[in-house]
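# What the coordinates show
Now for the letters of each chain:
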Amino acid sequence: EPEVTQTPSHQVTQMGQEVILRCVPISNHLYFYWYRQILGQKVEFLVSFYNNEISEKSEIFDDQFSVERPDGSNFTLKIRSTKLEDSAMYFCASSGHPNTEAFFGQGTRLTVV
Amino acid sequence: GESVGLHLPTLSVQEGDNSIINCAYSNSASDYFIWYKQESGKGPQFIIDIRSNMDKRQGQRVTVLLNKTVKHLSLQIAATQPGDSAVYFCAENLHGSSNTGKLIFGQGTTLQVKP
C-alpha cells in the first residue's frame with residue numbers, strides 16, 4: 001500500500017542551526033502538506049503546497065520556514081534558524097485532491113537544544 | 001475563531017464494549033470531516049470520513065455521525081479491541097474555490113481499552 005515516508009525519524013539540532021526535513025509523498029498525489037504536533041497537543045497546520053507553490057500557510061509558518069519540491073518525488077521543509085519552541089513532531093501529508101483524505105507520514109521528531 | 005474540539009480528553013472502555021467519541025466543530029461552512037487515529041509515536045492514520053451532504057457513514061466496525069444543526073461529529077467503534085487504544089482526532093476541511101486541503105484538528109480523545 002502506498003505510504004508517505006519521512007526522514008529522518010529523529011533530528012537533534014542546536015538552536016540557531018538550519019534543519020531540513022524530508023518527505024516522499026504518495027506518488028500520484030498532487031497536494032502536499034506539513035503539520036506539526038507539540039508533545040501532548042493537537043496537530044497544527046503549517047502549510048499546503050500545490051503546483052509548485054504554497055497555497056496556504058498558517059501564522060506559525062513565518063519567514064524562518066520554507067518548503068520546496070526539488071524533484072518529482074521529494075517535498076522538504078526547511079527551518080532556517082531553529083528555536084527551542086520549534087521542538088515538535090513534524091508530519092508530512094499528501095492527498096490526491098484538497099477535499100479527499102490526506103495521508104500522513106510517520107513524522108520527524110525535531111529536538112532543538 | 002477556528003476550532004474543532006472534542007468533549008472528553010480520555011475515554012476508558014471495556015474490551016468488547018462500544019465506544020463513542022465526540023467532536024464539536026465551530027465552522028458551519030466546513031463540509032468535509034475526517035477521523036484520524038494516532039498511536040504513540042506514529043502519524044495520524046485515516047479511519048473514516050464524511051461529507052456534509054451525509055448524516056451517517058459506516059465502515060468496518062466504525063460509524064461516523066454528523067449533525068450539522070448542532071455542529072457535532074461522533075465516531076462510534078463497535079466491539080472495541082485493545083488495538084483500538086490510541087488518540088482519536090477529528091479534523092475538518094473547508095471546501096470552496098480556495099480550498100487548499102488545510103485540515104483543522106481537534107484536541108484529541110485518548111481511548112483506553114481495558115481487557
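Structural data are supplied above this passage.
Residues numbered from 1 in each chain as written. Chains lettered and ligands numbered in written order. Predicted model: local features only at pLDDT ≥ 70, side-chain atom pairs only at ≥ 80, totals over all residues. Heavy atoms only, no water.

With that settled, consider the overall build of chain B. Helix and strand counts for chain B stand at zero helices and 11 strands. Reading the secondary structure of chain B in the N-to-C direction produces β-β-β-β-β-β-β-β-β-β-β. The C-alpha radius of gyration computed for chain B amounts to 14 Å, which stays within 12% of the reference 13 Å derived for 115 residues, consistent with globular compactness. A separation of at least 24 residues holds for 54% of the contacts in chain B among residues at least 6 apart in sequence. Here chain B has roughly 5,500 Å² of accessible surface; of this, 47% comes from carbon and sulfur atoms. Of the charged side chains in chain B, 10 are positive and 9 negative; the average position of the first set lies 1 Å away from that of the second. (Helix = DSSP H or I, 4+ residues; strand = E, 2+ residues; numbered from the N terminus. Rg over C-alpha atoms; globule rule 2.2 N^0.38 Å. Contact = heavy atoms within 4.5 Å. Areas by Shrake-Rupley, 256 points an atom, 1.4 Å probe, with all protein chains shown as cover. Lys, Arg positive; Asp, Glu negative; His and termini not counted. Charge placed at Lys NZ, Arg CZ, Asp CG, Glu CD.)

Looking now at the nonpolar core. Residue and element names in this part refer to chain A. Residues Trp34, Leu46, Phe61, Val67, Phe75, Leu77 and Tyr90 are the most contacted members of the largest nonpolar core, which totals 21 residues. Contributing elements (two or more residues each) for this core: strand E3 (19-24), strand E4 (31-37), strand E5 (44-50), strand E7 (65-68), strand E8 (75-79), strand E9 (88-95) and strand E11 (108-112). Residues within four places of phenylalanine 61 in sequence aside, it is in contact with Leu46, Val47, Ile54, Ser66, Val67 and Leu77. (Core = buried A, V, L, I, M, F, W, Y, C linked by side-chain atoms within 4.5 Å. Buried < 20%, exposed > 50% of the residue type's maximum accessible area, 1.4 Å probe, protein only.)

All names here are of chain A. Strands sit in the order E1-E3-E8-E7 across an open sheet of four strands; the sheet is antiparallel. The open sheet terminates on both sides in strands that have one partner only, identified here as strand E1 (5-7) and E7. The sheet shows a mean angle of 20° between the axes of neighbouring strands, direction not considered. Bridge count for E3 against E8 is five bridges, and the pairing is antiparallel. (Pairing = 2+ DSSP bridges. Axes fitted to C-alpha atoms, helices over the stretch in contact; angles between N-to-C directions.)

For interface size, the figure often reported is the accessible area lost on association. Between chain A and chain B, the contact holds 19 residues from the first and 23 residues from the second. Buried surface at the junction of chain A and chain B, summed over both partners, amounts to about 1,900 Å²; 52% is from carbon and sulfur atoms. Among the residues chain A hides against chain B, the three largest losses belong to Lys42, Asn99 and Phe104 of chain A. Together they make up 31% of the total. At the boundary of chain A and chain B, one finds one salt bridge. Note that lysine 102 of chain B is salt-bridged to glutamate 56 of chain A, the shortest N-O span being 3.6 Å. The tally of links between chain A and chain B comes to seven residue pairs in polar contact (both at pLDDT 80 or more). At the level of secondary structure, the elements contributing two or more residues to the side of chain A that touches chain B comprise E4, E5 and strand E6 (53-57) of chain A. It is E4 of chain A that provides the largest number of residues to the side of chain A that touches chain B, a total of three residues. By residue class, the composition of the side of chain A that touches chain B is eight nonpolar, eight polar and three charged. (Buried area = accessible area lost by both parts, 1.4 Å probe. Salt bridge = Lys/Arg side-chain N within 4 Å of Asp/Glu carboxyl O. Polar contact = N/O pair within 3.5 Å; in protein donor to acceptor, adjacent residues only side chain to side chain. Nonpolar A, V, L, I, M, F, W, Y, C, P; charged D, E, K, R; others polar.)

Time to look at the side chain of serine 74 of chain B. Inspection of the secondary structure puts serine 74 of chain B in strand E8 (residues 72-77). The residues contacting serine 74 of chain B, other than those within four sequence positions of it, are Ile20, Ile21, Asn22, Trp35, Thr63, Val64 and Leu65 of chain B.

Take the packing of aromatic side chains next. Within this structure, the stated rule accounts for 17 aromatic pairs over all chains. For the ring pair phenylalanine 103 of chain A and phenylalanine 46 of chain B, a centre distance of 6.3 Å and an interplane angle of 50° mean the geometry is tilted. Of this pair, phenylalanine 103 of chain A sits in strand E10 (residues 103-104) while phenylalanine 46 of chain B sits in strand E5 (residues 45-51), placing the two residues on different chains. Joined through ring pairs, the aromatic side chains of Tyr33, Tyr35, Phe45, Phe91, Phe103 and Phe104 of chain A together with Tyr36, Phe46, Phe89 and Phe105 of chain B make up one cluster. (Phe/Tyr/Trp six-rings, centres within 6.5 Å; stacked < 30°, edge-to-face > 60°.)

That's the geometry; what it means functionally is another story.
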